[in-house]
Amino acid sequence: GSFRVNMTMEQIDGSFLLDNETYLIEAKYTSGKIPTSELVLFNNKIRRYSRGLFVTLSELNDNKDAIHIMLPEVKFICITVKELIEVLYSKQPLDSFLRSRLRIFNETGEFYHN
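Parameters and conventions
- Residues numbered from 1 in each chain as written.
- Predicted model: local features only at pLDDT ≥ 70, side-chain atom pairs only at ≥ 80, totals over all residues.
- Heavy atoms only, no water.
- Pairing = 2+ DSSP bridges.
- Helix = DSSP H or I, 4+ residues; strand = E, 2+ residues; numbered from the N terminus.
- Right-handed = clockwise from strand over helix to strand, strands pointing away.
- Axes fitted to C-alpha atoms, helices over the stretch in contact; angles between N-to-C directions.
- Contact = heavy atoms within 4.5 Å.
- Parallel < 35°, antiparallel > 145°, perpendicular 65-115°, else oblique.
- Left-handed = near helix turned anticlockwise from the far one by under 90°.

Enquirer: What am I meant to see in the pairing of strand S4 (residues 21-28) here?
Expert: Looking along a regular strand, one sees side chains alternate from face to face of the sheet. Alignment of strand S3 (residues 14-18) against S4, held across 5 bridges, turns out to be antiparallel. Residue pairing across strands places Ser-15 opposite Leu-24, the latter belonging to S4. Looking at chain direction, S4 and strand S5 (residues 51-56) are connected through 6 bridges and run parallel. Bridged to Tyr-23 within S5 is Arg-51. What joins S4 to S5 is helix H1 (residues 36-46), and the crossover it makes is right-handed.

What follows is the structure, given as structure tokens:
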């Protein structure tokens, strides 16, 4: 279930540990495009605590440039539900998939790669 990350009543959908780093999870299951403001809000929630994983039902291509303009330091990676399902059906270990995305993020700064 969700939990609060601080006394300001901000909620987060979950967390996991990968390679001794804690990642907070935000899941958005809406079919419309995710507004850039949602990504900024998530980044602001997690920046004091850890890194993050933003899981979304919709694509984010339109938001990639805007998020880099609005945030000097992006602290999360983003994957779609479709990608998550594909990984699970392929039997690729989820941690291996996440590490590959994190490597792309660390090398290029690209938080969303499709």
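Enquirer: Looking at this structure, I do not really get the sheet that holds S3. What am I missing?
Expert: Within a sheet, each strand pairs with its neighbour through backbone hydrogen bonds, oriented either parallel or antiparallel. Judged by pairing direction, the sheet is mixed, and its 4 strands sit side by side in the order S3-S4-S5-S6 without closing on themselves. Each edge of the sheet is formed by a strand with only one pairing partner; in this case those strands are S3 and strand S6 (76-80). Averaged over neighbouring strand pairs, the angle between their axes works out to 25° when direction is ignored. Across the sheet, helix H3 (residues 81-90) is in contact with S5 and S6; its angle to S6 comes to roughly 75°.

Enquirer: How should I be thinking about the packing of H3 against helix H4 (residues 94-108) in this particular structure?
Expert: Angle between the axes and distance between the axes are the two parameters that describe a pair of packed helices. Axis separation between H3 and H4 bottoms out at 9 Å; the angle between their running directions is 135°. Classified by the angle their axes make, H3 and H4 are oblique. Along this stretch, H3 crosses H4, giving a crossing that reads as right-handed. Contacts between H3 and H4 involve Glu-83, Leu-84 and Val-87 on the former and, on the latter, Leu-94, Phe-97 and Arg-101.

Nothing here speaks to function; it is all geometry.
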